[in-house]
Amino acid sequence: GDEAAGTRKALAFLRASLVVVASARVIAGLSEQLDLYTNMANRLRLVTNNTKELTTVQDALFLLAQKTRSDFEGVVTVFQRLAQTTGKLHLSYNKLIDLTAVVNKAVILSGASAQSASAGLRQFAQGLASGVLQGDELRSVVENLPALANLIGKQFHVTGGELLALNARTPGVIKLDNIIKALQKDSG
């Protein structure tokens, strides 16, 4: 009797404790997701002009991430970096979303690990920001994102792996406008 009642009380207490712990983890997880969403929205605010544009771009990028089974944060990062570095080319949001889809598809086709893809994209974005893909940035794209390197290589009639030799022969030839042209050709 008393032992069974004590065991039942202990189990009830344990169950209640587990519910509290599980609830705390769920709340912490939701809080992290909300922080991540807010961070991404803030990054997109930097490259959109108003709330309507922000909402339109967010929705399009979310659909792109779902369609390609990609990480939403990664898709937002590619879009943001393309938008920031191509401002002088006056590309529409639709065109930027198309280019984001091309880069995202190339990342997937490259079969890179999340860490390699992230490193390659970071170096790609740095190359875009400087206006020319060369040096360590180019090497990282060739090594970590071979499908993206191949797309860019087509613009110069070489393979992705030959981009390094092309750049050695003609430093600074892989410029932002040529990269965008290569991506646009693949976007249709």
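Residues numbered from 1 in each chain as written. Predicted model: local features only at pLDDT ≥ 70, side-chain atom pairs only at ≥ 80, totals over all residues. Heavy atoms only, no water.

(A) Region of the structure containing the pattern of salt bridges. Enumeration over the complete set of coordinates arrives at two salt bridges. With its nearest N and O atoms 3.9 Å apart, the salt bridge here joins Glu73 to Arg43. Taken together, the residues span a long stretch of sequence, with Glu73 in helix α3 (residues 72-85) and Arg43 in helix α1 (residues 2-45) at a distance of 30 residues. With a relative accessible area of 29%, Glu73 lands in the partly exposed category. Look at Arg43 and you get buried, because its relative accessible area is 15%. Across the pair Arg139 and Asp136 runs a salt bridge whose closest N-O atoms are separated by 3.2 Å. Residue Arg139 and its partner Asp136 are located together in helix α6 (residues 135-144), separated by three residues, close to a single helical turn. Residue classification places Arg139 among the partly exposed positions, given a relative accessible area of 37%. The class for Asp136 is exposed, based on a relative accessible area of 57%. (Salt bridge = Lys/Arg side-chain N within 4 Å of Asp/Glu carboxyl O. Helix = DSSP H or I, 4+ residues; strand = E, 2+ residues; numbered from the N terminus. Buried < 20%, exposed > 50% of the residue type's maximum accessible area, 1.4 Å probe, protein only.)

(B) Geometry of the packing of α6 against helix α7 (residues 146-155). At a closest axis distance of 5 Å, the pairing of α6 and α7 adopts a crossing angle of 115°. Residues Val141, Val142, Glu143 and Asn144 of α6 lie in contact with α7, whose contacting residues are Pro146, Leu148 and Ala149. The residue inventory of the contact of α6 with α7, partitioned by class, reads five nonpolar, one polar and one charged. (Axes fitted to C-alpha atoms, helices over the stretch in contact; angles between N-to-C directions. Contact = heavy atoms within 4.5 Å. Nonpolar A, V, L, I, M, F, W, Y, C, P; charged D, E, K, R; others polar.)

These values are about where atoms sit, not about what they do.
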